[in-house]
Amino acid sequence: MPKRNNNDMVISVVKSIKDKYDTSELEMIDMEKIEQTEPYNSTLPEKSLSIIKADDFSFYYGSKAGVKNISMEIYPFMVTAIIGPSGCGKSTFLRSINRINDLIPNIHVEGKLFVNNQDIYSRQINLVNLRQQVGMVFQKPNPFPKSIFDNVAYGPRLQGIKKRSVLQQTVEESLQSAALWDEVKDDLKKSALALSGGQQQRLCIARALSTRPKVLLMDEPCSALDPIATSKIEDLIETLKNDYTIVIVTHNMQQAARVSEMAAFFCLGELIEYDLTTKIFSNPSNKQTEDYVTGRFG
Amino acid sequence: MRITLDKFFTVLTGLAVMCMIAALFVILGPMIYRGLGAIFFRGTVEFRKMQLAEFEHGNIEKIKQEDIQTKQARQAVYNIIDKFRNGIDAEKLTDQAKQIDRTFGKELQLQDTERERYQELRGLSRDIRDKLIEAFSSTDIEQIKKHIDFVLRYESDERFRKTSAAQYFKLAHEFAQASEKIDFEKKDLYAGELNELEDIIVKLLGPDPNGNKPVLAQKRYGAARWDQAQKLMHELFWKEQWIEQENSKTLVRIETSRAEQFAGTELEPLFAYIKDNSKKMLNPQITFYWRYFLDDSTPGHYFGGIGPEILGTLFLTLLSMVFVIPFGVISAAYLTECSSEGPVIRVIRMCINTLAGVPSIVFGLFGMAFFVLFFIPFFGGPSQGCILAGSLTLAVLTLPVMIRSSEEAIRTVPQTYKEASLALGASKFVTFVKVTLPAALPGILTGIILSLSRVAGETAPILFTAGIAIGPVPDSIFQKTRTLSYGSWDMAVSDKLAAEVPHNQYGMVVTLVLLILCLNALAIMLRSRVFKKLKGH
């Protein structure tokens, strides 16, 4: 088991940013459903500093487990990297945080997964609210075949924002946050598919930011990009963590070491070790982790 | 060895392509050539007269002048025929003689003559009449001479002078003159042949300007096209006969010259006259009949254009698209997005595949049984074929094509688009409408192109549901309509029109091909625009 509970260092980091963070902003629970069912309080865990908390969480594709018995907490305003060999379930875990895995038929979950103290696999959860709070950036840049503006405005429009000036402002802010504004501000009407790969990925990040999420999930965001584009994205992550909680899955261990503060090592669907990145890479407590990060395995 | 094989393969595929192109030319070439004949041909004066009378196109003054000129040239034809007829047409001559007798009687009554004198003159008139009639029907030249002599004896009689009875003697003279040149053995034959000849002349020059009998629409004008006229003239000069030969059972076609048939008679100069003066009589001019695509036609497509057919085809096609596009796309959306693979879906898919292979006539019968007799009357519509029923039937016919291609199109939209949309908090429906559908649009448009081509050309489904060969231009979707495919089918089967006006049938077919091409080109342009927009060029 990870030693997170005893780790004073983590706690101190979290405490230092606690004042930036107000849990009451998050409203993912569908109020109508709650009125019809019994009070939700009974399943609420004690309030903690974590924003995402897995509690003995398992995810099954049919009868095959994608991840099993994961228990970990992810802290706000930090970059948490998930590393591990291919097929170890790191993407599965990431994709269950905003329930995008629901698209796959015949899946079921065991245990609990909390985002902002709310069990996201409970019936009361409103998927639309959840996904607006937990944004996602995918492995391959996947902008819609629309204009740059329409791509970024997609999320706000879904929320019912129709006013052009508001949309304009949101789009500009999101593009600026994704460090893309200066490159595209003159031709927002251009098709997103005309951008380069790195620009497309930053556009996807801008799009994910446009709904003002609390958490940003990144599923190997740089695996389809060249080194220059990759370094730009990494710089971007560095600035974004001031405002967002980032969970990033990566194959690239140098990248994990460069951008993340916390790192979790997955293997064969299980969480092997979860600790500060510096510790994982310099002094892992588990033999498997050590083998992996030093390149002897995987 | 491998290089030879490669070369052989290249040659083989090249040959296949060449064969296909050659076949295309062999099939399309003559069809287009003949179809072009519908709008680009040498039109005769009859064509211009028809255009003026039926559609009010053309310069009235010019056409009137032309009409007068050609009438002069034609008068000789009618004169020759009349002259010849006087010798042989006993029935007509008899009628004339009887008519003279009747008018003479009336004249006498009006003059208020004395009773005895009246009786005498009437008796004499009847005698003359009877002798004439005997002479007309006789085949013995001696007898005829005797009868005619009897009649002509009264020619100088004062009592008949300046009365209508004087016409007896004119008739007798003409008949005597004509009968001298006639071989009486062939008299009956001539009568039959003359009728045949007159039929052809009516087709060539239009109805006899001296006769006032009402005529069928298709006989109101002569040959409107020079090629038609030439065909008719060939028929006029050469009699076609099928002769059975003793040894072989097959009939042999021979052509005999009519000029020889009528050699020595009053009719003989007719053939030479027509041959020499055909252009004067018909005045052929090169015509570009672009109104072919707009004009209505006289009943049965004998004259005029195919405007209503084009309109009907467009109506049916576009209305069926209105039904098939939403149904097809929604069904495809269900099959790809909302359902999970299972036995039910497999059965549905199998049904769709089977439907795609069902012969179109089956859909036609289904359309009649369901839409015409049940569905539309159920909602208060008419219980007869109509555009609505036809387009619904066509929609059902092409639904499988539409579903299949839309399904393919929706399936090829990258999953990442959907994921990205869902991850932004969009519902499944919003994702489908805002992301999947626009991205699948080029594929869906391909399906529309395929459906369009099929629908526009189908005949069998509208046989019982919407098609009609002769009728007004519909003013609502609850009426039957003429269509290009139905029209060309009808011309081919229901009467011999296709043989008489082949240019019309080919014109329809070529127009149909062109129409489909145009619709397709439109859809393809739309698709490439959508495609460009999606690709961001």
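The structure we're discussing is the one just above.
Chemist: Looking at this structure, how should I read the overall build of chain B?
Modeler: Per the secondary structure count, chain B includes 21 helices and four strands. Expected size for 537 residues packed as a compact globule is a radius of gyration near 24 Å; at 35 Å, chain B overshoots this value by more than 25%. Projected onto its principal axes, the C-alpha positions of chain B cover 120 × 70 × 55 Å. A burial count over chain B gives 35% of its 537 residues as buried. Once local pairs closer than 6 in sequence are excluded, the contacts in chain B between residues at least 24 apart make up 72%.

Chemist: Before we go on, may I ask you to explain the interface of chain A and chain B in this structure?
Modeler: Accessible area lost upon the coming together of the parts is a frequently used measure of interface size. Opposite the 23 residues of chain A that make contact, chain B presents 19 residues. Of all the secondary structure elements, the ones that give two or more residues to the side of chain A that touches chain B are helix 4 (127-133), strand 6 (134-137) and helix 5 (148-158) of chain A. Taken together, the residues that form the side of chain A that touches chain B break down as 12 nonpolar, seven polar and four charged.

Chemist: Can you walk me through the sheet that holds strand 1 (residues 52-61) of chain A in this structure?
Modeler: Backbone hydrogen bonds are what pair the strands of a sheet, in a parallel or an antiparallel way. All names here are of chain A. Read across the open sheet, the four strands follow the order 2-1-4-5; overall the sheet is antiparallel. One side of each edge strand has no neighbouring strand; the edge strands of this open sheet are strand 2 (64-74) and strand 5 (118-119). Sheet topology places strand 1 next to strand 2; seven bridges connect them, and they run antiparallel. The partner of Tyr-61 across the bridge, within strand 2, is Lys-64.

Chemist: I would appreciate a short explanation of the environment of Asn-504 of chain B in the present structure.
Modeler: Residues and elements named next belong to chain B. Relative to the assigned elements, Asn-504 resides in helix 21 (residues 502-535). The buried category is assigned to Asn-504, around which 26 C-beta atoms lie within 10 Å. For the pair Asn-504 and Arg-34, spaced 470 residues apart in sequence, the C-alpha separation works out to 8.9 Å. Those residues in contact with Asn-504, other than ones at most four positions away along the chain, are Ala-38, His-301 and Met-491.

Chemist: What's the story with the sheet that holds strand 10 (residues 270-276) of chain A in this structure? I'm lost.
Modeler: Residue and element names in this part refer to chain A. Spatially, the six strands line up as an open sheet ordered 6-7-8-3-9-10, and their pairing is mixed. Only two strands of the sheet have a single neighbouring strand rather than two, namely strand 6 and strand 10. Taken pair by pair, the neighbouring strands of this sheet meet at an average axis angle of 20°, ignoring direction. The pairing of strand 3 (residues 79-83) with strand 9 (residues 262-267) spans four bridges and is classified as parallel. Bridging across to strand 9, Ile-82 finds its partner in Ala-264. Along the sheet, helix 3 (residues 90-97) makes contact with strand 3, strand 6, strand 7 (215-219), strand 8 (245-249) and strand 9, crossing strand 8 at roughly 150°.

Chemist: How do you make sense of the nonpolar core when you look at a structure like this?
Modeler: Where a protein is soluble and globular, its nonpolar side chains tend to be buried together. Judged by nonpolar contacts, the single largest core of 143 residues is most densely connected at Ile-82, Val-115, Val-215, Leu-216, Leu-217, Ile-246 and Val-247 of chain A. Of the residues forming this core, the biggest block, 14 residues, is contributed by helix 15 (residues 387-412) of chain B. Here Leu-217 of chain A is in contact with Leu-94, Ile-97, Asn-98, Val-134, Gly-135, Met-136 and Val-247 of chain A, once residues within four sequence places are set aside. Among the nonpolar cores identified, the runner-up in size contains 25 residues, and Val-45, Leu-197, Leu-236 and Phe-262 of chain B belong to it.

Chemist: Would you take a moment to explain helix 2 (residues 45-55) of chain B for this structure?
Modeler: For the α-helix, the turn length of 3.6 residues means that residues three or four positions removed from each other point alike. Residues of helix 2 of chain B that are buried include every one of Val-45, Glu-46, Phe-47, Arg-48, Lys-49, Met-50 and Gln-51 of chain B, and no others. Among the residues trailing helix 2 of chain B, Glu-56 of chain B stands out with phi positive, at a value near 60°.

What counts and what doesn't
Residues numbered from 1 in each chain as written. Chains lettered and ligands numbered in written order. Predicted model: local features only at pLDDT ≥ 70, side-chain atom pairs only at ≥ 80, totals over all residues. Helix = DSSP H or I, 4+ residues; strand = E, 2+ residues; numbered from the N terminus. Rg over C-alpha atoms; globule rule 2.2 N^0.38 Å. Buried ≥ 20, exposed ≤ 12 C-beta atoms within 10 Å, placed from the backbone. Contact = placed C-beta atoms within 7 Å. Nonpolar A, V, L, I, M, F, W, Y, C, P; charged D, E, K, R; others polar. Pairing = 2+ DSSP bridges. Axes fitted to C-alpha atoms, helices over the stretch in contact; angles between N-to-C directions. Core = buried A, V, L, I, M, F, W, Y, C linked by C-beta atoms within 7 Å.

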